[in-house]
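So you can see what is in the structure, the chains are spelled out below.
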Amino acid sequence: MSTRGKPVSVSASEGAGIWLQKKLLEKSPVFSFFSCAARALSTVGSTASFDKNPQSKERGITLDLGFSSFTVPIPAHLKSSGKDRLQFTLVDCPGHASLIRTIIGGAQIIDLMMLVIDVTKGIQTQTAECLVIGEITCDTLVVALNKVDLLPEASRADKLAKLRARLQKTFEDTRFKGCPMIEVAAKPGGNDEQAAPLHMDSLIDALTSAVKMPQRHVDGDFVFAVDHCFAIKGQGTVLTGTVLSGRVKVGDTVEISTLQAQKKVKSMQMFRKPVQAASQGDRVGICVTQFDAASMERGLVSSPGAVLLMTAAIARVQKIKYYKQECKSKSKFHISLGHETVMATVNFFGADGETLKQREKLDNPGFHFDAVYAYQTHLLAQSKGPAAATAAATTA
């Protein structure tokens, strides 16, 4: 898809789109952490590569994606892997509602989400938005109830109990029912740099218990989601990001399809350690030469010919239950894919009644070229489940 001459890249590889990340030791597990608890966690293990935006440092909040990692002893339920240590790669996403596009980009490269809630404020707009995104992109949630130190000790237990009850009721209608909630204080005393975070060990234990071994595949085309791009004098341009599919090694030729440019991989690093290859799920920095860092901030890099550019697409869509208004055909929507967001006109289509009955029997709701789809003036609810249909989107 493209708009105003700026194309959005879509992988042509089967199943490419949202690949999740989690690996052991040198194959880094990736988890998303919203707000400042990620900073406290990284203090336990590492402080590398977090959001370096000047306003972020000045105001003490996250404005851009930040990345870091820490390791823990391998948990008992993963002993069969044969590894001794488990590495967590933190994806620190901004929590403010106005930065929702940045949150969407970060949420598409995770395995597990930690939702940080300010106990002095409870559920806010961005809390609900992050919960919706989490339901779309991952299966596991850990909730961190932050700033417990700001609650008066006399009423702290009662207030936390009430907040837990409200949250449990909220999670009942989601896939995260019964998720663990851990009380923490990421920065006790506010700006007091000497104060140690509270209950981080309990939070790390909860995250470790929630880890599941993912299935990784190195076959297929290499697709790499770039989230930062910068030049190093005398070395070249470094593209940092996450491998969504396939495998890449030093010396390979990669393509930036939006710029119609091909470059050779000069070197690679994973958290400041040189490596010769990277595969699906890895967080890596790729150095290329003769490439202007200013020409690309975020996007997709891939094997030559693996990523196509398009101005229209067919997709299965489902209405978010919290959105109460009608979704009408010919309306304009923001379409986000990875870190790219464009404006597109959407038309809805639904399968006829007979096709729906067959799909329900086969439990096969996907799009089929041999099926009959009727035009819908607005997104209609199906006979089972929430409103869902096939949409044809064309960029403005």
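Residues numbered from 1 in each chain as written. Predicted model: local features only at pLDDT ≥ 70, side-chain atom pairs only at ≥ 80, totals over all residues. Heavy atoms only, no water.

Take the overall build of the chain next. The number of helices and strands found in the chain is seven helices and 24 strands. Taking all 396 residues of the chain together, the buried fraction comes to 46%. For the chain, the share of sequence-separated contacts (at least 6 apart) that also reach a separation of at least 24 residues comes to 68%. Only carbon and sulfur atoms are counted for the fraction: they give 52% of the accessible area of the chain, which is about 20,100 Å². (Helix = DSSP H or I, 4+ residues; strand = E, 2+ residues; numbered from the N terminus. Buried < 20%, exposed > 50% of the residue type's maximum accessible area, 1.4 Å probe, protein only. Contact = heavy atoms within 4.5 Å. Areas by Shrake-Rupley, 256 points an atom, 1.4 Å probe, with all protein chains shown as cover.)

We now examine the nonpolar core. With 23 residues, the main nonpolar core has Val119, Leu141, Val143, Leu145, Leu167 and Phe171 as its most contacted residues. Where this core is concerned, the elements lending two or more residues are β7 (112-118), α4 (125-137), β8 (140-146) and α5 (153-171). It is α5 that provides the largest number of residues to this core, a total of four residues. (Core = buried A, V, L, I, M, F, W, Y, C linked by side-chain atoms within 4.5 Å.)

Our next topic: the environment of Val243. Among the secondary structure elements, Val243 is positioned in strand β11 (residues 236-245). Linking Val243 and Gln280, residues 37 residues apart in sequence, is a C-alpha distance of 4.9 Å. The residues contacting Val243, other than those within four sequence positions of it, are Phe222, Val223, Phe224, Ala278, Ser279, Gln280, Gly281, Asp282 and Val284.

Right, let's talk about unusual backbone geometry for a bit. Phi is positive for Lys147, which is not a glycine, with a value near 65°. Along the chain, Lys147 falls in the loop between β8 and α5.

This part takes up the side chain of Ser302. By the element assignment, Ser302 lies in strand β18 (residues 299-302). When its relative accessible area of 1% is taken as the criterion, Ser302 is described as buried. With residues near it in sequence (within four places) discarded, Ser302 still touches Phe222, Val223, Val254, Glu255 and Val307.

With that out of the way, let us pick up the packing of aromatic side chains. For the structure shown, the criterion picks out two aromatic pairs. Judged by centre distance (5.9 Å) and plane angle (20°), the rings of Phe222 and Phe224 are stacked. Centroid distance Phe349 to Tyr375: 5.6 Å. Interplanar angle 70°. Geometry classified as edge-to-face. A residue pair is termed long-range when its members are at least 10 positions apart, and Phe349 in strand β22 (residues 340-351) and Tyr375 in strand β23 (residues 373-376) qualify at 26 residues. A relative accessible area of 42% means that Tyr375 is categorised as partly exposed. (Phe/Tyr/Trp six-rings, centres within 6.5 Å; stacked < 30°, edge-to-face > 60°.)

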